Amino acid sequence: AQSVTQLGSHVSVSEGALVLLRCNYSSSVPPYLFWYVQYPNQGLQLLLKYTSAATLVKGINGFEAEFKKSETSFHLTKPSAHMSDAAEYFCAVSGASGNTGKLIFGQGTTLQVKP
Amino acid sequence: KAGVTQTPRYLIKTRGQQVTLSCSPISGHRSVSWYQQTPGQGLQFLFEYFSETQRNKGNFPGRFSGRQFSNSRSEMNVSTLELGDSALYLCASSLAGRGSEAFFGQGTRLTVV
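> In this structure, what is going on with the pattern of salt bridges? I would like to understand it.
When their charged atoms lie close together, side chains carrying opposite charge are able to pair. Under the criterion given, the structure shown has seven salt bridges over all chains. Here K58(A) ties to E64(A) by a salt bridge, and the two come within 2.8 Å at their closest N and O atoms. Given the relative accessible area of 24%, E64(A) is considered partly exposed. Residue E82(B) is joined to R63(B) by a salt bridge in which the shortest nitrogen-to-oxygen separation is 3.6 Å.

> Any chance you could explain the packing of aromatic side chains here in plain terms?
Each aromatic ring pair is characterised by the separation of its centres together with the angle its planes make. If you walk through the whole model with that rule in mind, you get 14 aromatic pairs over all chains. On the basis of an interplanar angle of 50° and a centroid distance of 5.6 Å, the ring pair of F63(A) and Y89(A) is categorised as tilted. Of this pair, F63(A) sits in the loop between β6 (56-58) and β7 (64-68) while Y89(A) sits in strand β9 (residues 87-94), and the two are 26 residues apart along the sequence. With a centroid separation of 5.7 Å and 70° between ring planes, the pair formed by F47(B) and Y49(B) is classed as edge-to-face. Side by side, F47(B) and Y49(B) carry an identical accessibility label, which is buried. Three or more aromatic residues link up through ring pairs in this structure, and these residues are F34(A), Y36(A), F90(A), F105(A), Y35(B), F45(B) and F104(B).

> Sorry if this is basic, but what is going on with the side chain of Q6(B) here?
Residue and element names in this part refer to chain B. With respect to the helices and strands, the residue Q6 is situated in strand β1 (residues 5-7). Its relative accessible area of 5% is what places Q6 among the buried residues. Within polar-contact distance, the side chain of Q6 engages the backbone nitrogen of C91 at 2.9 Å. Dropping the residues within four chain positions of it, Q6 is found in contact with S22, W34, Y89, L90, C91, G105, Q106, G107 and T108.

> What is the right way to look at the interface of chain A and chain B in this model?
Frequently, the measure chosen for interface size is the accessible area that the parts lose on association. Facing 28 residues of chain A, the contacting portion of chain B comprises 24 residues. Of the roughly 2000 Å² buried where chain A meets chain B, counting both sides, 46% is carbon and sulfur surface. Applying the counting criterion to the chain A and chain B interface returns seven residue pairs in polar contact (both at pLDDT 80 or more). Among the secondary structure elements, those contributing two or more residues to the side of chain A that touches chain B are β4 (33-38), β5 (44-50), β9 and β10 (103-105) of chain A. Considered class by class, the residues forming the side of chain A that touches chain B number twelve nonpolar, 14 polar and two charged.

Reading guide: rules and limits
Residues numbered from 1 in each chain as written. Chains lettered and ligands numbered in written order. Predicted model: local features only at pLDDT ≥ 70, side-chain atom pairs only at ≥ 80, totals over all residues. Heavy atoms only, no water. Salt bridge = Lys/Arg side-chain N within 4 Å of Asp/Glu carboxyl O. Buried < 20%, exposed > 50% of the residue type's maximum accessible area, 1.4 Å probe, protein only. Phe/Tyr/Trp six-rings, centres within 6.5 Å; stacked < 30°, edge-to-face > 60°. Helix = DSSP H or I, 4+ residues; strand = E, 2+ residues; numbered from the N terminus. Polar contact = N/O pair within 3.5 Å; in protein donor to acceptor, adjacent residues only side chain to side chain. Contact = heavy atoms within 4.5 Å. Buried area = accessible area lost by both parts, 1.4 Å probe. Nonpolar A, V, L, I, M, F, W, Y, C, P; charged D, E, K, R; others polar.

These values are about where atoms sit, not about what they do.
This is the structure:
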């Protein structure tokens, strides 16, 4: 069965500091993995996705993530946090059964950026 | 290119009533999925429709139902509303298939009183 675990429901960093949001997955098939961001009272916006092409994936707004099969991880990083990065971040894995658009999400991590 | 449009944005209903939420996907997208988001349970998959057929269903009671029309627009219905149905309901559309990028609407905030 597919599942996602995000370590840390809240992460706080100073502006300009490294952002690291952790995601571990479980998948019965080769996974497709996604990171989404959600601002208050908004829907989800895709930051980046892993679809087995390259293990280091670059996304929007300076974010990137590295797929590590041996660690079943897909952690999200950004070298220098900006105040506008404060939001909730979700890691997701595609459902396994058949040709489906279903996503299984982690519980989310709220990123706080301090001035 | 217009994004995913959900209507209405906000809704207040009374326990026992029923509600219908609407989702217009991005033009050309044939897959529409629905998710429920609550502080306690997070984002949970409700169901997915593809070419007017339900392709996947999450673990929700039968009070939750949906449909998709020939133009790919989708509706979800919740009957006999309970207080616990208060949530943000998100619709996502994608071209098709596993691994396709899902584009989300802004959601419908349902409050049951």
